Amino acid sequence: MFEAIAFYLFAFLTISMFYITVTTSQALHALTALAAGMIFISAFFFILGADFLGAIQIIVYTGAVMALYAFGMMFFDTTRDVKEKKGNKFIVVGMATLAAILVVAIFSAPIVSNNIVALYPSVGAGNTQEVGMVLFTKYLIPFEVAAVMLLVAMVAGIVLAGKKMDLSLTLMDADEIRKMNEEKNKKVLS
Amino acid sequence: MMEIGLNHYLVLSTILFAIGLAGVMRRKNLLLLFFATEILLNAVNIAFAAISHYYGDLTGQMFAFFVIAIAASELAVGLGLLIVWFKRNGTIDLDTMTSMRG
């Protein structure tokens, strides 16, 4: 009963928030609606018993991703209205419908076949404990690879967004470094 | 109606995926295009978590974790590239990125 009420309430909220995100012409409204939709999605994870995933959803998406988007928006000209593509409406609607039907087919294929068994069935411990046990035994290598990927992404983000990242102090001569520092001091004094 | 099953979650996931897909197709601003891709990834995460719950298997949640990790790194690199492009051209509209036209 309560599960049904919660599901329909959060389904309505999530769909309306994401609808606002893809239709509004204000970038700030889109950002806010997206953040709200992310938080509402974490409610589904809590309903489904995936407590750890819900907490990660809030921390990573609403905390990190949205903050990064907010910082990124400071670089861009986001106050003006966003112009939209004047494409053929029938093509857009038709392709979206086709893709949605494809997704339904993909997800309903394993439901139709009944011979599915749980690969790593739950052992009855808490969700976070179970996640830790599976993540650090069966999925240890993908976990490490994901960690390396995040490190690479962090370095790439810093290098791309930072200033004067093409200069390297370790590859420069002492004279060049002194010249650069003098220019910097001149700029500060003037 | 009152009993929430796996199909409810899959239908919800499909609706969100369709919304995100429509957003990807109609958006011209690259930042808002990124928002639409986040919606796509979140829709798939709901389906993963629901299947994980109804089959009593934690693999779905593991995939959801990796999807979140990929989304975060994709965002970091993509936003960096977007900032470089904006510094160079002063705009992040998709229609201006036609430098490879022959």
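Because the structure is a prediction, the values reported are computed rather than measured. (Residues numbered from 1 in each chain as written. Chains lettered and ligands numbered in written order. Predicted model: local features only at pLDDT ≥ 70, side-chain atom pairs only at ≥ 80, totals over all residues.)

What follows covers the overall build of chain B. In terms of regular secondary structure, chain B is built from 3 helices and 0 strands. Sequence-ordered secondary structure for chain B, helices as α and strands as β, is α-α-α. Taken over the C-alpha trace, chain B has a radius of gyration of 17 Å; the compact-globule value for 102 residues is 13 Å, which it surpasses by more than 25%. Dimensions of chain B, computed from C-alpha atoms along their principal axes, come out at roughly 55 × 25 × 25 Å. (Helix = DSSP H or I, 4+ residues; strand = E, 2+ residues; numbered from the N terminus. Rg over C-alpha atoms; globule rule 2.2 N^0.38 Å.)

If you tally the helices and strands in chain A, you get 7 helices and 0 strands. Burial analysis of chain A (190 residues in total) assigns 19% to the buried set. Counting contacts in chain A only where the partners sit at least 6 residues apart, residues at least 24 apart contribute 48% of the total. (Buried ≥ 20, exposed ≤ 12 C-beta atoms within 10 Å, placed from the backbone. Contact = placed C-beta atoms within 7 Å.)

Each partner contributes residues to the interface: chain A has 66 residues there, and chain B has 57 residues. Elements that contribute at least two residues to the side of chain A that touches chain B include exactly α1 (2–23), α2 (27–47), α3 (51–75), α4 (89–112), α5 (127–135) and α6 (140–161) of chain A. Per-class residue counts for the side of chain A that touches chain B are 54 nonpolar, 7 polar and 5 charged. (Nonpolar A, V, L, I, M, F, W, Y, C, P; charged D, E, K, R; others polar.)

Examined against the element boundaries, B:Met2 turns out to sit in the segment before α1 (6–26). Apart from the residues lying within four places of it in its own chain, the contact partners of B:Met2 are A:Met1 and A:Ala4.

In terms of domain boundaries, chain A breaks down into domain 1 (1–84), domain 2 (85–124) and domain 3 (139–190). Between the C-alpha centres of domain 1 of chain A and domain 3 of chain A the distance comes to 32 Å. (Domains from an automatic or database assignment.)

All right, on to the nonpolar core then. Within the largest apolar cluster, 62 residues are counted, with the highest numbers of intra-cluster contacts made by B:Leu16, B:Ile46, B:Ala49 and B:Ala50. Listed by contribution, the elements that provide at least two residues to this core are α1, α2, α3 and α5 of chain A together with α1, α2 (30–54) and α3 (59–89) of chain B. The dominant element in this core, judged by the number of residues it contributes, is α2(B), at 14 residues. B:Ala50 has contacts with A:Leu48, B:Leu6, B:Tyr9 and B:Leu10, leaving out every residue within four places of it along the chain. (Core = buried A, V, L, I, M, F, W, Y, C linked by C-beta atoms within 7 Å.)

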